[in-house]
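Overview (structure and organization)
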Amino acid sequence: MSTKEAASTAPATTAAAKPDAKRPESKAIGMAFGDVWTYAPAPEARDHIKLQAKYDLFIGGKWKAPESKKYFDTISPSTEEKLAEIADASAKDVDLAVQAARTGYEKYWSKLRPLDRGKYLFRIARALQEKARELAIVETMDGGKPIKESRDVDVPLAAAHFFYYAGWADKLEHAFPGRNARALGVAGQVIPWNFPLLMAAWKLAPALAAGNTCVLKPAETTPLTALMLAQIIEEADLPPGVVNIVTGAGATGAALVGHPGVDKVAFTGSTDVGKKIQRALAGTQKKLTLELGGKAANIVFADAALDQAVEGIIGGIFFNQGHVCCAGSRLLVEEGIHEVLIRKLKDRMATIRLGDPLDKNTDIGAINSRMQLDKIRGLVAAGEAEGATRFSAPCVIPDRGYWFAPTLFTGVSQSHRIAREEIFGPVLSVLTFRTPEEAVEKANNTMYGLSAGIWTEKGAKSFWVAQRLRAGVIWANTFNKFDPSSPFGGYKESGFGREGGRQGLLAYLEVD
Ligand code: NAI
Ligand code: MG
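The following paragraphs examine the structure supplied in this document. Given the structure is predicted, the values throughout are model-derived calculations rather than measurements. (Residues numbered from 1 in each chain as written. Chains lettered and ligands numbered in written order. Predicted model: local features only at pLDDT ≥ 70, side-chain atom pairs only at ≥ 80, totals over all residues. Heavy atoms only, no water.)

As enumerated under the stated definition, the model contains 13 aromatic pairs in all. Taking the centre distance of 5.0 Å and the plane angle of 45° together, the rings of Phe58 and Trp63 count as tilted. Among the residues examined, Phe58 registers a relative accessible area of 2% and is labelled buried. Using a relative accessible area of 29% as the deciding quantity, one classes Trp63 as partly exposed. Taking 6.5 Å as the distance between ring centres and 85° as the angle between the ring planes, the aromatic pair formed by Tyr164 and Trp168 counts as edge-to-face. Of the two residues, Tyr164 and Trp168 both sit in helix H6 (residues 147-168), four residues apart, roughly one turn of that helix. Of the residues examined, Tyr164 reaches a relative accessible area of 22% and is grouped as partly exposed. Members of the aromatic cluster, each reached through a chain of ring pairs, are Trp202, Trp475, Phe479, Phe482 and Phe488. (Phe/Tyr/Trp six-rings, centres within 6.5 Å; stacked < 30°, edge-to-face > 60°. Buried < 20%, exposed > 50% of the residue type's maximum accessible area, 1.4 Å probe, protein only. Helix = DSSP H or I, 4+ residues; strand = E, 2+ residues; numbered from the N terminus.)

Below, the structure is given as C-alpha cells:
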C-alpha cells in the first residue's frame, strides 16, 4: 500500500466512513463494513502461458524481423514487468506489408469464391473460441483489464464478430438488395489499447467478409493479442498477405494511413489523432471511417428503478477502468433523487474491488499506461481546482503498477473540464436536471456524440428522449451492451461511419 496514493485517493466526504488522514482507507472501510467484502484471492493461473521473448512483424503470411531492426517493450501495467519485445515497424516495413496485402488481394482473396472466404472466417472464429482462455489471460496481462472482462466480454465478442461476418461473406447481394457491392482492395486499420483483440476483430472481420485484404496496426501498449490472432490466422492457413499485422507507435500508424497503396482507412482512437488522419487523407480517394472519443450522458429520471440504475451507472463508467469510448462518464440526475442516488452510488463504490486483474473477483484493474494515469490525474486535479466535490472509493492501491480509485464528482457544472473532456478513466461527473427538456439539452451539450443511457420506467419517456439525443448508440435501462449485429458509431466529433451489423459492411464496400 503506497501511502502517497492513499492520500491522493482518500474519500473527500463519506457518510459511511470518515478515515483519519494518516490511516490507509482500507482501515476506514474495514471499520465501516467489517471484512464482509474481502474475498480470498482467486487468481487465474498464468504458468501455462508461453509468451515469446520477441515478436516480429506478420507480413505476407510470414514472421519478419523489422527493417528498422528496432524493438520496444510491452509491459504489464498491473506489475510493470516486461512481457515481451515487439517489432517497431518503420515506413519501409509498412510499405512491405501494404505490398503484401495488395498481392494477397489480387492473387488470392479476390479470386476466391465468397463462400470460401466465409469458411476462413468461420475457422478464425472457432480458433478464437478454442484459445479463449489463453487470449483472455494475455489480454489482461498486457492491458490491465480484469480477467472477468477479458474472459466474459472481449474474447467471446471477438469470436462472435468473426462468426457474424463469416455469415455475410457469401450474402452481400442480400445485404444490399438490387445493388452491386464490390470490395475496395487494401484496408489500413489502426486500433487503440482499450479493447485490443475486440477492436482487431471489429476491423478485420467485416473487411475480410467484404473481400478486402488488411494491414492492421495494434496499439503500442497492447500488441500481444493481435499477434496471437496473427498466429491463429497463420494456423487457419489464410492465403499469404490477406491479413498483415504491423506493430509500432504513432509513426507506424501514420505511415500506414498515409500509404498511397491503401484504399480504405479505419481508425479507432483519440479525436486528436482522428483529426490528423482526416487532414492527411484530404484530397485522396481513400475511404475513411473514424471512431473517436465520447462523453456519454447517462440520464436517470426520478421514476427509474434506482438499484438497477446504480448497477448500470457503476458498470457504465467503472467497467474496464473507464477505458471505454462509450463510457457513461456524465451522470445526469433528476433533481428530486440526487441525494438518494448519490448515497447509493457511494455505498456501491465502497464495495468495488480494485487490484490484481488476473484475480477472478477483481472489478477494476490497472490503468493502461503511465501516460493515461497522468492524464486522469490531471483532469481530476482540474475538477477539484474548479470547485467540484470529489469522492474516491476507499480502495487499497497496490504498490506497483498504475491504478486509480473509482471517483465521483458532485457539484459539477457544464463548463467544468471534467464535464467536457474525455477522461478515459474511472471518473464520473454528476450534474442535475429538472425536466426532460433540460436533460436533453445538457446531454447534447458536448462536442461528442457516441452514446447515451436513459433510465426510466416509462417507455414513452425513453422514446421521447432517445429521439432528441444526438448520440449514435442509446441504451435504455441498461448500458454498454454490445452485439455484432448492432451498428455502432458516433455523431459530431465522435467520428463517422458505423461498425457492426450490415451497416459495418458498407465501410468496406463500393455499393452502386
Ligand atoms: P491515440 O489516438 O494516440 O492512439 C490510438 C492508436 O492510434 C494507436 O494505435 C496509436 O499508435 C495510433 N496513432 C497515434 N498517432 C497516430 C497518427 N498520427 N497516425 C496514425 N495512427 C496514430 O490515443 P492515446 O494517445 O493512446 O490516448 C489518448 C486519449 O485518446 C485517451 O486518453 C482517450 O481519451 C482517447 N482514446 C479514445 C479511444 C476510443 O476508443 N475512442 C481509444 C484510445 C484513446
Ligand atoms: Mg502492455
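Time to look at unusual backbone geometry. Despite not being glycine, Glu80 has its phi angle at roughly 65°, a positive value. By the secondary structure assignment, Glu80 is in the loop between strand S4 (71-75) and strand S5 (82-87). The phi torsion at Asp237 lies on the positive side, around 65°, for a residue other than glycine. In this fold, Asp237 is placed in the loop between helix H9 (224-235) and strand S9 (243-245). In this structure Asp237 comes out as exposed when scored by relative accessible area, which is 54%.

Turning our eyes to something else, we now look at the site of ligand 1. In the neighbourhood of ligand 1, 28 residues make up the surrounding shell, with Trp193, Glu220, Ser270, Lys375 and Glu422 lying closest. Contacts to ligand 1 include Glu220, whose side-chain N or O atom sits 2.7 Å from an oxygen atom. Leu292 has a polar backbone atom sitting 2.8 Å from a nitrogen atom of ligand 1. Protein burial of ligand 1: of its 810 Å² of free accessible surface, 88% is covered by the chains. Counting only elements with at least two residues in the shell around ligand 1, the list comes to helix H10 (250-258), strand S10 (264-268), helix H11 (271-281) and helix H14 (370-385). A class-by-class count of the residues in the shell around ligand 1 yields 15 nonpolar, eight polar and five charged. (Near = heavy atom within 4 Å. Polar contact = N/O pair within 3.5 Å; in protein donor to acceptor, adjacent residues only side chain to side chain. Areas by Shrake-Rupley, 256 points an atom, 1.4 Å probe, with all protein chains shown as cover. Nonpolar A, V, L, I, M, F, W, Y, C, P; charged D, E, K, R; others polar.)

Here the focus is the side chain of Ser494. Position of Ser494 relative to the elements: it lies in the loop between strand S18 (473-476) and strand S19 (495-496). Not counting residues within four places of it along the chain, the set of residues in contact with Ser494 comprises Leu290, Glu291, Leu292, Gly293, Gly294, Met447, Tyr448, Gly449 and Leu450. (Contact = heavy atoms within 4.5 Å.)

In an ideal tetrahedron of four donors about a metal, each angle is 109.5 degrees. In an ideal octahedron of six donors, the angles are 90 or 180 degrees. The magnesium ion (ligand 2) binds to the protein through Thr74 (OG1), Ile75 (O), Asp142 (O), Asp142 (OD) and Thr221 (O); the donor distances cover 2.1 to 2.6 Å. One chain supplies every donor to the magnesium ion (ligand 2), and in sequence these donors are spaced T-I-x66-D-x78-T. Of this pair, Asp142 sits in helix H5 (residues 132-143) while Thr221 sits in the loop between strand S8 (213-217) and H9, and the two are 79 residues apart along the sequence. Given a relative accessible area of 1%, Asp142 falls into the buried group. A residue is classified by how much of its surface remains accessible, and Thr221, at 24% relative accessible area, is partly exposed. (Donors = N, O, S within 2.8 Å, 3.2 Å for Na, K, Ca; no water.)

For the rest of this paragraph, the subject is the sheet that holds strand S13 (residues 330-334). Ordered by their spatial adjacency, seven strands build an open sheet running S14-S15-S16-S13-S12-S17-S18, and the pairing between neighbours is mixed. The outermost strands of the open sheet, each flanked by one partner alone, are strand S14 (389-392) and S18. Ignoring strand direction, the axes of neighbouring strands in this sheet form an average angle of 20°. As paired strands, strand S12 (residues 297-300) and S13 are joined by four bridges and run parallel to one another. Pairing of Asn298 across the sheet is with Leu331, part of S13. The strands touched by H14 within the sheet are S14, strand S15 (407-410) and strand S16 (427-433), with S15 carrying the most contacts at an inclination of about 25°. (Pairing = 2+ DSSP bridges. Axes fitted to C-alpha atoms, helices over the stretch in contact; angles between N-to-C directions.)

Overall, mixed pairing links the three strands, which are arranged S1-S5-S4 in an open sheet. Of all the strands in the sheet, just strand S1 (54-55) and S4 have a single pairing partner and so form its edges. Judged from the five bridges that link them, S4 and S5 form a sheet pairing that is antiparallel. By the bridge assignment, Tyr71 is partnered in S5 with Ala87. The sheet contacts of H9 involve S1, S4 and S5, and relative to S5 the element is tilted by about 65°.

The buried count for S13 comes to five of five residues, which makes it a mostly enclosed element. The alternating pattern of S13 places Arg330, Leu332 and Glu334 on one face and Leu331 and Val333 on the opposite face, and all of these are buried. This β-α-β element, S12 to helix H12 (residues 306-318) to S13, shows right-handed connectivity. Pairing between S13 and S16: five bridges, direction parallel. Paired with Arg330 across the bridge in S16 is Ser429. (Right-handed = clockwise from strand over helix to strand, strands pointing away.)

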